[in-house]
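Here is how the chains run, residue by residue.
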Amino acid sequence: MLAIVVVASLLLGAVLGQPILLSYVETGSMEPTIETGDGFIAIPAALAGGVQEGDVVVYEARELQGGGLTTHRVVGETDGGYITKGDANPFTDQDGPEPPVTDDQIVAEAVQIGGSVVVLPRLGIAIGAIQESVLGLQSAFAGAVGFGDSLDRQGSGVLLFAIGFALFALTFVLDRGTQRTTDRSRQRGTLLNTRTVTVLLLAAVLLPANVAMVAGVGSQTLSIDGEDVARSPDVEPGEKTSWELGVDNYGFVPVILVFEAQSAGTTVLDEQLTVGPGQAATVTVSATAPGPGQQTTLSVTEYRYLHVLPAATIRALHDGHPLLALGAVNVVLGGGLFLVLARVVGLGTIRVRDRGNASLGTRLRRRFG
């Protein structure tokens with residue numbers, strides 16, 4: 001059962017775009033600490049605590065290689081944020097176009113024991129192969145049911161993930177019954193409490209999903225300098241002016257983003273956005289432009305929810321309290337999975353008999369036919 005939890009966490013981390021439990025690198029910038037394609041244990045930043053010099057972090061780069069998740073080591077800190085560098089790189093990220101990394105950009109930290117990152121060799125290569133297979137299946141499925149590109153990376157991706165995970169879990173359960181033992185009392189089969197299986201599977205899905213949503217809560221800040229305003233022909237000091245902040249969804253599941261202004265005098269014009277898989281968007285904020293010698297800091301808090309309910313419903317629940325929206329997402333995810341499991345394995349105690357080396361399809365027909 002631990003294997004199911006680990007696999008679910010890894011796959012959900014990839015699907016949700018938020019490293020959960022495990023992550024991996026795709027380039028050689030962290031060699032020899034982490035080789036290309038190696039994995040590592042990743043703790044979401046919301047649970048890892050403060051960042052210190054020497055930590056290896058996963059952060060949302062703004063400019064480096066076009067932006068996106070980057071795994072590098074923190075080698076220093078300035079008033080503007082952290083200085084980061086790949087162990088194999090001769091220069092820091094900030095020697096190039098990337099600005100200092102702020103806390104809200106950091107999504108996870110790599111676990112280190114005795115100063116060494118806990119590495120899982122070639123994990124990323126295996127996951128990359130799985131992802132390519134899944135994307136191929138998604139396209140085939142979408143075309144087969146006539147949805148075309150509209151279901152390619154959203155509905156079919158979630159559906160295939162759910163089917164694959166359910167089959168993996170079911171195979172594990174059925175294979176338990178094929179283990180032989182010298183104890184004659186066990187030769188008649190093994191009693192399996194499906195309630196326990198259901199609870200563990202629900203935890204394997206809901207815990208990573210909630211970590212991704214909670215870890216997505218954070219603040220974005222933008223400092224507006226009065227001297228820059230004075231030099232701009234399009235902005236007048238003392239007038240209401242709009243600026244844009246970028247947001248990204250690195251996962252394969254669409255998300256609903258809700259924004260709340262935190263700084264005085266700041267207004268969020270796009271209080272709610274729906275961002276599709278692998279897409280980027282901008283949120284527009286408005287404030288009074290500062291004059292020469294002044295500075296204004298705009299601060300906006302972002303809440304992130306999986307798009308399993310209509311956006312209007314999520315927004316209404318969020319306005320009541322963010323926990324209401326989070327709870328509703330859990331009810332939909334957990335309720336759907338619970339109904340599937342209740343139909344597939346039931347909610348009682350079943351005897352899993354030894355069927356020898358029969359195929360999975362044969363065992364499924366015997367069990368549910």
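Residues numbered from 1 in each chain as written. Predicted model: local features only at pLDDT ≥ 70, side-chain atom pairs only at ≥ 80, totals over all residues. Heavy atoms only, no water.

1. As for the overall build of the chain
So, point 1. When you go through the chain residue by residue, the secondary structure sums to nine helices and 18 strands.
So, point 2. Counting every position in the chain, which comprises 369 residues, the buried fraction comes to 41%.
So, point 3. Taking the intrachain contacts of the chain between residues at least 6 apart in sequence as the baseline, contacts between residues at least 24 apart amount to 66%.
So, point 4. As displayed, the chain offers around 18,700 Å² of accessible surface, 56% of which is attributable to carbon and sulfur atoms. (Helix = DSSP H or I, 4+ residues; strand = E, 2+ residues; numbered from the N terminus. Buried < 20%, exposed > 50% of the residue type's maximum accessible area, 1.4 Å probe, protein only. Contact = heavy atoms within 4.5 Å. Areas by Shrake-Rupley, 256 points an atom, 1.4 Å probe, with all protein chains shown as cover.)

2. What to know about the packing of helix α5 (residues 194–215) against helix α8 (residues 322–344)
The relative placement of two packed helices is expressed as an angle between their axes plus a distance between the axes.
So, point 1. In the contact formed by α5 and α8, the axes pass within 10 Å of each other and the chain directions differ by 155°. Classified by the interaxial angle, the pair formed by α5 and α8 is roughly antiparallel. Between α5 and α8 lies a crossing of right-handed hand. Between α5, through Thr198, Leu201, Leu202, Val205, Leu206, Ala209, Asn210, Met213 and Val214, and α8, the contact on the second element is made entirely by Leu326, Val329, Asn330, Leu333, Gly334, Leu337, Phe338 and Leu341.
So, point 2. Looking at the contact of α5 with α8 residue by residue, the classes come out as 13 nonpolar, four polar and no charged. (Axes fitted to C-alpha atoms, helices over the stretch in contact; angles between N-to-C directions. Parallel < 35°, antiparallel > 145°, perpendicular 65-115°, else oblique. Left-handed = near helix turned anticlockwise from the far one by under 90°. Nonpolar A, V, L, I, M, F, W, Y, C, P; charged D, E, K, R; others polar.)

3. Let's talk about the sheet that holds strand β11 (residues 218–225)
So, point 1. On the basis of which strands lie adjacent, the open sheet formed by four strands has the order β11-β17-β13-β15 and antiparallel pairing. Unpaired on one side and paired on the other, β11 and β15 (272–275) mark the two borders of the sheet. Each strand of the sheet is rotated relative to its neighbour by a mean of 25°, with strand direction disregarded. (Pairing = 2+ DSSP bridges.)

4. Description of the nonpolar core
Soluble globular proteins tend to pack their nonpolar side chains together in the buried interior.
So, point 1. Within the largest apolar cluster, 33 residues are counted, with the highest numbers of intra-cluster contacts made by Trp243, Phe259, Val285, Tyr305, Leu306 and Ile314.
So, point 2. For this core, the elements supplying multiple residues, two or more each, are α5, β12 (240–248), β13 (255–261), β15, β16 (280–288), β17 (295–306), α7 (311–320) and α8.
So, point 3. By size, the runner-up hydrophobic cluster in this structure holds eleven residues, among which are Val25, Ile34, Ala42 and Val58. (Core = buried A, V, L, I, M, F, W, Y, C linked by side-chain atoms within 4.5 Å.)

5. Considerations on the confidence of the model for the chain
So, point 1. In the predicted model, the chain carries a mean pLDDT of 76, and 70% of its residues have values of at least 70.
So, point 2. Within the model, pLDDT remains below 50 along residues 145–163, and this stretch shows 30 contacts once partners closer than five positions in the same chain are excluded.
So, point 3. Within the model, pLDDT remains below 50 along residues 174–187, and this stretch shows 15 contacts once partners closer than five positions in the same chain are excluded. (pLDDT = per-residue confidence, 0-100.)

6. Remarks on the sheet that holds β16
So, point 1. If you walk across this open sheet you meet the three strands as β12-β16-β14, and the pairing is antiparallel. Only two strands of the sheet have a single partner each, and these edge strands are β12 and β14 (267–268).
So, point 2. Bridge count between β14 and β16: two bridges; the pairing is antiparallel. In the strand pairing of β16, Val268 is matched with Val285.

7. Observations concerning a negative patch on the surface
So, point 1. Together, Glu53, Glu77, Asp79 and Asp103 line one region of the surface with negative charge.
So, point 2. On the secondary structure map, Asp103 appears in the loop between β5 (81–85) and β6 (106–110). (Patch = residues over 30% accessible without salt bridge, like charges linked within 9 Å, V, L, I, M, F, W, Y side chains within 5 Å. Salt bridge = Lys/Arg side-chain N within 4 Å of Asp/Glu carboxyl O. Lys, Arg positive; Asp, Glu negative; His and termini not counted. Charge placed at Lys NZ, Arg CZ, Asp CG, Glu CD.)

8. Section: the pattern of salt bridges
So, point 1. If you walk through the whole model with that rule in mind, you get six salt bridges.
So, point 2. Two residues, Asp104 and Arg62, come together in a salt bridge whose shortest N-O distance is 3.7 Å. Taken together, the positions of Asp104 in the loop between β5 and β6 and Arg62 in the loop between β3 (56–61) and β4 (68–78) put the pair 42 residues apart, joining distant regions of the chain.
So, point 3. On the basis of relative accessible area, Asp104 is assigned to the partly exposed category, the value being 31%.
So, point 4. Judged by relative accessible area, which is 39%, Arg62 ranks as partly exposed.
So, point 5. Taken together, the shared-partner salt bridges in this structure form one network comprising Glu271, Arg315 and Asp319.

9. Observations concerning the pairing of β16
So, point 1. Summarising the sheet, β12 and β16 pair through nine bridges and their orientation is antiparallel. Along β16, the bridge assignment pairs Asp248 with Ala280.

10. A look at unusual backbone geometry
So, point 1. Following Glu31, the chain continues to Pro32 via a peptide bond in cis, the omega torsion being 5°.
So, point 2. Mapped onto the secondary structure, Pro32 falls in the loop between β1 (21–24) and β2 (39–44).

11. Focus: the side chain of Glu302
So, point 1. Turning to its location among the elements, Glu302 is positioned in strand β17.
So, point 2. A polar atom in the side chain of Glu302 sits 2.7 Å from the side chain of Arg304.
So, point 3. Setting aside residues no more than four positions away along its own chain, Glu302 makes contact with Gly216, Val217, Gly218, Gln220, Val247, Leu257, Val258 and Phe259. (Polar contact = N/O pair within 3.5 Å; in protein donor to acceptor, adjacent residues only side chain to side chain.)

12. What about α7?
So, point 1. When we look at burial in α7, the residues that qualify are Ala311, Ile314, Arg315 and His318. Within α7, the buried residues cover an arc of 100° as seen down the axis, which keeps them to one side. Across α7 from its buried face, at more than 90 degrees, point the exposed residues Ala312 and Gly320. (Arc of directions from axis to C-beta.)

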